[in-house]
Amino acid sequence: MDRAPGDDATALRDRLLAALLRGPDALVLLRCDAGLAVLAGRTAPLQIALFTAPGAPSADEILARIAPLVKAVQPGGPPTHVVVVGGDADDGRAALAKAAPIVQPVPMGFHHVDASGELARVKGQALPALDRAHERLAEVGPLEPAALAEALAEGQALAQQERAIVDRLRGSRRVTATLVIACAALLAMSYAFGSGTHEAALWRMGANSGEAVRHGELYRLLASAFLHADPMHLFVNMLALWSFGPMLEALLGPRRFLLLYGASALGGSLASAMLEDRWSVGASGAIWGLMTAGIGVALRPHGLLPPAMIAQMRSRAWLPLGLNLVYSFQPGVDLLAHLGGGVVGFALVVTVLPRGLTPVGQRQHAADAEPRPRPLLTAAAALTAAAMALSVMAALAAGRPWELRAPPALVRTEVADAGVALDLPEALASAASVEELGGVRFHTYGQLPRTPVVFQVAVFPLEGEVPPDQLDDLLEQERKTLDQQRPANTVTKGPATRVTLGGRPAVSVKTGLKNGVQLVSYVVVIGNREVMLQAYSVADRPATWDGIEDKVAATIRAQ
C-alpha cells in the first residue's frame, strides 16, 4: 500500500477515520481526540475504537491503553472492534492478542495498522468496513476541522437521541408492576387457602383444564394465568415479565400492552386447554407472547425505533426464544401454552397492534404514544382488564378455596346400582365417575390433586348373607389376601389389620406409593355384599382432613 510522505500514527489515524466516515458503511463519529476516536453504526449495531499509538510504544504500553475499553464492553452491547493505529507490528499485535478476552461479552474483533500502514486482523471477527477504508487510505486526506466538528456533532446528537429513546423505554411499568403484584398476591393466597394442599387450592382458584373449560368453566382460561405452582415458578415468570414488560409497555403504551398481555394469556390457555389432557397454571403463555412480540418489533418495527436499535434487537432476539423453547420441552412444562401465547403475541405486533403509534424518538412523554384520543382502544383495554379481574373473582367464587381450611362436610351418597351408601365429603360426592374392570364396577369420587382425597368403592356380591360365625373366617382370609397383595408403585406397606368401623368388623391396610400418594384400603361385609373402599390422599393434605378415611369407612351401610 502506498503511503503519503511523513505519515505518523496520528496522521495515519486521521486519514483512516476520514476513509471510514466517507465510506458506504453509514458510520457516525461519537468521540475524537488525539489518542482515541470512537465510531458507531448509524443503521446497524457496531462500535469501532481507533487507538493511536505514536512513536514506538511497547506491547505493555499499548495493552495498558486498550485494556480499560475492552473490560468496559458489556453483554448486550453492539459488536465491538478495537483498532490500534501505529507502532511496531510485533508489539501491536502482541498487545491486541493479549487484550482479546477468551470469553467475549459481544462479538469482537482486534486489528492493527502498523507504522508502515499494513493492516492485520489479529483476533476475532473481520471488519469489512475497515478493509474497505484501508484500501482507499492513500486516496483520502484527513477531515477538515469544520467537517470533523460537524461529524462529531452529528454523532453525539444521534447518541443523545438513542439515550433519550432508551430512557423513554424504561419509563413506563405501571401495568407490568400491577401484573407482578397480582400474581404474587394470588400465590400467597393459594398457600393461605391450601396450607397442606396447595394443588387443591390452585384447582379451586382457577387452574386451567380442557375438561373443565369444555364443561363451561371459561373463567379458568384467564384466571390460570395469574396462578403459579410454587415460589420458584413465580420468580422465574415474574423475572421474565419484568425483563420484557417495561420496554413493551413504554413502546406500545399501557392500553395496547394490556391488550397484548391479555390476548397472549388467552391464546396460551386455549392452546393448552384444547390440546392437552392435563391441568396447568402460570403466566408463561402471556410472557411468551411478550417475548415473541419483541421479536415481532425487531422484524417489523413500524418505524417506532431507529434502524440501529432495531438491528441490535434483531441480533439479540433469537437467543431467549431458543433457550425458552428448549426449556419448554422439559417434563411438567406446558409447551402448548407457551406456543399458543407466542403465536398470538407475535401475530398482534407484526399486524395491527402498533399501527398509528408515534415513533418513540418523537415522543416527549409516555402519554405521547398515541397521536390522538382513541376511545375504542381505551374501551378494549378496560374490557381486557375487567375480563382478567372477573375471571379471578369468578374462580374464587366457584371454587371457594377457603373451604379447604374447614373440616369437610359429609353428605349421604348412594353408590349407583351397588345397594350400598356412605357419607362422603361434599366436594367429592359431586365428582363421581364409574369404570368397569374385569366385570367389576369401580365408583370413584374426587380427583387428585383437585381434591385432597379420592375414594374408590367396589362391591362384590356374595352367594348369600354371611352367618356371624363365618364372618371372622372370611375377614381373616381377606386380611391375608391384603397382606399378600402389593399394588404397583408401592414404596411402603403396613400389615393388614382387623379393625372395627361403625360397630362392624373390617380389615384395613395402609400403603405408600412412589408418587407420594397414601393409600388406605378397607374390606367390610354388608349383608350379602363385600365392599372394598380405597382412599387415596396426598401426603400434605389439610389437617382438617386427617382421619377422613376412617370416618367415611364407618358410614358404609346397605342402601
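Preceding this paragraph is the structure being described.
Owing to the predicted nature of the structure, the values given are computational and were not obtained by experimental measurement. (Residues numbered from 1 in each chain as written. Predicted model: local features only at pLDDT ≥ 70, side-chain atom pairs only at ≥ 80, totals over all residues. Heavy atoms only, no water.)

A. Looking closely at the overall build of the protein. In terms of helices and strands, the protein carries 18 helices and 19 strands. For a compact globule of 559 residues, the expected C-alpha radius of gyration is about 24 Å, and the protein comes in at 36 Å, more than 25% above that figure. On the principal axes, the C-alpha backbone points of the protein span a range of 125 × 60 × 35 Å. Across the 559 residues that make up the protein, the buried fraction comes to 49%. Considering only contacts within the protein whose residues lie at least 6 apart along the sequence, 65% involve residues at least 24 apart. (Helix = DSSP H or I, 4+ residues; strand = E, 2+ residues; numbered from the N terminus. Rg over C-alpha atoms; globule rule 2.2 N^0.38 Å. Buried < 20%, exposed > 50% of the residue type's maximum accessible area, 1.4 Å probe, protein only. Contact = heavy atoms within 4.5 Å.)

B. Examining the packing of aromatic side chains more closely. Tallied over the full model, the rule gives two aromatic pairs. Ring plane angle 65° and centroid distance 6.1 Å describe the contact between phenylalanine 193 and tryptophan 402, whose orientation is recorded as edge-to-face. Taken together, the residues phenylalanine 193 in helix α6 (residues 174–193) and tryptophan 402 in the loop between α15 (375–399) and β9 (410–415) connect sequence positions 209 residues apart. Look at phenylalanine 193 and you get buried, because its relative accessible area is 17%. On the basis of relative accessible area, tryptophan 402 is assigned to the partly exposed category, the value being 43%. Centre to centre, the rings of tryptophan 203 and tryptophan 279 are 6.2 Å apart; their planes meet at 80°, and the pair counts as edge-to-face. (Phe/Tyr/Trp six-rings, centres within 6.5 Å; stacked < 30°, edge-to-face > 60°.)

C. Quick peek at a nonpolar patch on the surface. Where nonpolar side chains cluster on the molecular surface, the patch consists of Met232, Phe235, Val236 and Leu239 and spans about 410 Å² of accessible area. One can find leucine 239 in helix α10 (residues 231–252). (Patch = residues over 30% accessible without salt bridge, like charges linked within 9 Å, V, L, I, M, F, W, Y side chains within 5 Å. Areas by Shrake-Rupley, 256 points an atom, 1.4 Å probe, with all protein chains shown as cover. Salt bridge = Lys/Arg side-chain N within 4 Å of Asp/Glu carboxyl O.)

D. Up close: the side chain of threonine 176. Assignment of secondary structure puts threonine 176 in helix α6. Classification of threonine 176 as buried rests on a relative accessible area of 0%. Setting aside residues up to four positions removed in sequence, threonine 176 forms contacts with Leu241, Trp242, Gly245, Pro246, Glu249 and Phe257.

E. Quick peek at the packing of helix α11 (residues 254–275) against helix α14 (residues 335–350). It is at 7 Å that the axes of α11 and α14 come closest, and there the two elements cross at 140°. Crossing hand, α11 versus α14: right-handed. Contact residues: Leu260, Ala263, Ser264, Gly267, Gly268, Ala271, Ser272 and Leu275 in α11; Leu336, Ala337, Gly340, Gly341, Val344, Gly345, Leu348 and Val349 in α14. Here the contact of α11 with α14 is built from residues that sort into nine nonpolar, seven polar and no charged. (Axes fitted to C-alpha atoms, helices over the stretch in contact; angles between N-to-C directions. Left-handed = near helix turned anticlockwise from the far one by under 90°. Nonpolar A, V, L, I, M, F, W, Y, C, P; charged D, E, K, R; others polar.)

F. Region of the structure containing the environment of valine 28. On the secondary structure map, valine 28 appears in strand β1 (residues 27–32). The exposure class assigned to valine 28 is buried, which follows from its relative accessible area of 3%. Each C-alpha atom, one on valine 28 and one on leucine 39, is 5.5 Å from the other, the two residues being 11 residues apart in sequence. Not counting the four nearest positions on each side in its chain, valine 28 is found in contact with Leu21, Val38, Leu39, Ala40, Arg42, Gly155 and Leu158.

G. Spatial organisation of the pairing of strand β13 (residues 453–461). For β13, a buried count of seven out of nine residues is recorded, marking the element as mostly surrounded by other parts of the structure. Bridge count for strand β12 (residues 440–445) against β13 is four bridges, and the pairing is antiparallel. Paired with tyrosine 445 across the strands is phenylalanine 455, a residue of β13. Pairing of β13 with strand β18 (residues 529–538), which is carried by nine bridges, proceeds in the antiparallel orientation. Across the sheet, the residue bridging to valine 457 is leucine 533, located in β18. (Pairing = 2+ DSSP bridges.)

H. Summary view of unusual backbone geometry. In this structure, histidine 302 takes a positive phi of about 55° despite not being glycine. A relative accessible area of 28% places histidine 302 in the partly exposed class.

I. Looking closely at the sheet that holds strand β19 (residues 557–558). With antiparallel pairing, three strands are arranged side by side in an open sheet as β9-β10-β19. The sheet terminates laterally at β9 and β19, the two strands that pair on one side only. Relative to strand β10 (residues 420–425), β9 is paired through six bridges, and the arrangement is antiparallel. Each residue of the ladder has a partner; that of arginine 412, found in β10, is aspartate 423.

J. Broad picture of α14. For α14, which comprises 16 residues, the first-to-last C-alpha distance of 23 Å matches the rise-based estimate of 22 Å (1.5 Å per residue) to within 8%. Taken together, the buried positions of α14 are Leu335, Ala337, His338, Gly340, Gly341, Gly342, Gly345, Val349 and Val350. Taken together, the buried residues of α14 touch α11, α12 (284–299) and α13 (307–328). (Expected span 1.5 Å × (residues − 1).)

K. How the structure looks around the pattern of salt bridges. One pass over the structure, following the stated rule, counts 16 salt bridges. The partner of aspartate 33 in a salt bridge is arginine 31, with the nearest N and O atoms 3.0 Å apart. We note a salt bridge from arginine 204 to glutamate 403, for which the minimum N-O separation is 3.5 Å. Pair noted here: arginine 204 is in helix α7 (residues 198–204) and glutamate 403 is in the loop between α15 and β9, with a separation of 199 residues, a long-range link.

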